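So you can see what is in the structure, the chains are spelled out below.
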Amino acid sequence: MASLADTPIDLGADLPSAAPPGRVYTRHGVVTRLCHWINVACIGFLIASGLNIFNAHPSLYWGNFGADADDNRRWFEIGAMDDAAGKAVGITRIGDVHITTTGVLGLNRASNGQLQQQGFPDWLTFPSNRDLATARRWHFFFAWLFILNGLTYLIYGLVTRHLQDEIWPKLKQLAPANLWHDIVSHAKLQFPRGQADKHYHILQRLAYSGMIFVLLPLMIVTGLSMSPGFNAALGGFLPSLFGGRASARSIHFITMDLTIAFIVIHVAMVILAGPYNQLRSMITGRYDVGPEPTARKDRP
Ligand code: HEM
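Parameters at a glance
- Residues numbered from 1 in each chain as written.
- Predicted model: local features only at pLDDT ≥ 70, side-chain atom pairs only at ≥ 80, totals over all residues.
- Pairing = 2+ DSSP bridges.
- Helix = DSSP H or I, 4+ residues; strand = E, 2+ residues; numbered from the N terminus.
- Near = placed C-beta within 6 Å.
- Nonpolar A, V, L, I, M, F, W, Y, C, P; charged D, E, K, R; others polar.
- Axes fitted to C-alpha atoms, helices over the stretch in contact; angles between N-to-C directions.
- Parallel < 35°, antiparallel > 145°, perpendicular 65-115°, else oblique.
- Left-handed = near helix turned anticlockwise from the far one by under 90°.
- Expected span 1.5 Å × (residues − 1).
- Buried ≥ 20, exposed ≤ 12 C-beta atoms within 10 Å, placed from the backbone.

Engineer: What's the story with the pairing of strand β4 (residues 88–94) in this structure? I'm lost.
Structural biologist: Two faces make up the sheet, and in a regular strand the side chains alternate between them. Both strand β3 (residues 74–82) and β4 contribute to a ladder of seven bridges, which runs antiparallel. Pairing of Asp82 across the sheet is with Ala88, part of β4. Both β4 and strand β5 (residues 97–100) contribute to a ladder of four bridges, which runs antiparallel. Residue Ile91 lies in a different strand from β5, and its bridge partner there is Thr100. Taking the residues that link successive antiparallel strands as the turn, the β4-β5 hairpin has two residues, and the phi of Gly95 there is positive, at about 60°.

Listed below in structure tokens is the structure:
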């Protein structure tokens, strides 16, 4: 039942590949697959509705508070201003760095084609019109679905030992020589083939563990830190962990940026490693490890 169980399956006529028995096996259990795609939908809606919420006040601060009057305390903001020639430009500022982002951030076109001053453009937000109340409702709906789905994945992964055996990095895989070998192979776009491909390699384990055990929990806790209900119940304990509510909001935004970076690299790797085989494994479970390389050196 474990997702990456070494369970050779009989090659039925429905399998397009003419791989010999033992090369194709069930890589992902049904719970892992369902949780993965529910997670993709949740993350998509959470990001898009989160950007709509962010547009209500497109600035970030450290500490407890941050408001329109706190101009000099913003470390990040998206806005619009007139340039020296009096022409409106969109500006994104990170600390002292000002980046002109006209057309996308700060100054962009509404769905009716009109130029508008707005943080993120309509086509990136959900709903696409500026509507804080609706965006918050969708954000909280998908946040709870995301938490329930994540808990299901975690419990299933612990019970089947998928997390312990296949996701958590193994000590010997962390040896510098092995790490370096994987970095170099990835840079050369050489991926493991044959039996070595039946288990995640160290870079995958580090990336997945980083998401599952660090980034996504941090995203959830910083999100809950902004909830008035939770703060009333816990006496402000959660925001105090991050140095205040405004800091929690900043960290929440940064976890979103890092999640987007993970998704870009993750999807690029799926495409580079063979999208048909990879996606099939996350849809039907079946994965073809490919022929054994001619000279394979066993690694942890
Ligand atoms: C459209 C976007 C995505 C696609 C096409 C995609 C595709 C895949 C595929 C094909 C695998 C299997 C890789 C393998 O067996 O070697 C996988 C695994 C995984 N993906 Fe994604 N993914 C997407 C988005 C995401 C997102 C948003 C997250 C989390 C934020 C995520 C987290 C993971 C994790 C943790 C695994 C390992 C699952 C396990 O084995 O338990 N993916 N993904």
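Engineer: Honestly, the environment of Trp144 in this entry has me stumped. Any pointers?
Structural biologist: Along the polypeptide, Trp144 turns up in helix α2 (residues 132–159). Separated by 102 residues in the primary sequence, Trp144 and Cys42 have C-alpha atoms spaced 9.3 Å apart.

Engineer: Looking at this structure, I do not really get the site of the ligand. What am I missing?
Structural biologist: Around the ligand sit 21 residues, and of these Val40, Ile43, Tyr208, Gln278 and Met282 come closest. Elements represented by at least two residues in the shell around the ligand include exactly α1 (30–54), α5 (202–225), α8 (245–273) and α9 (275–283). Residue classes in the shell around the ligand are distributed as eleven nonpolar, nine polar and one charged.

Engineer: Help me understand the sheet that holds strand β2 (residues 59–61) in this model?
Structural biologist: Adjacent strands of a sheet pair through backbone hydrogen bonds, lying either parallel or antiparallel. Taken together, the four strands give an open sheet; going across it, the order is β2-β3-β4-β5, and neighbouring strands pair in antiparallel fashion. The strands lining the two open edges of the sheet, one partner per strand, are β2 and β5. Strand-to-strand twist in this sheet, taken as the mean axis angle between neighbours without regard to direction, amounts to 25°.

Engineer: I'm lost on the packing of α1 against α2 in this one. Help?
Structural biologist: Packed helix pairs are specified by the crossing angle of their axes together with the interaxial distance, meaning the distance between the axes. The N-to-C vectors of α1 and α2 enclose an angle of 155°; their axes lie 8 Å apart at closest approach. Put simply, α1 runs roughly antiparallel to α2. Handedness of the α1/α2 crossing: left-handed. Counted by class, the contact of α1 with α2 contains 16 nonpolar, eight polar and one charged residues.

Engineer: Just checking my understanding: could you explain helix α4 (residues 176–187) for this structure?
Structural biologist: One full turn of an α-helix is made of 3.6 residues, so residues set three or four places apart face in the same direction. Helix length check: α4, at twelve residues, gives a terminal C-alpha distance of 16 Å against a target of 16 Å (1.5 Å per residue), a fit within 8%. In terms of burial, α4 is a largely surface element, one of the twelve residues being buried. Leu189, located one to two residues past α4, shows a positive phi value of around 55°.

Coordinates in, geometry out; function isn't part of it.
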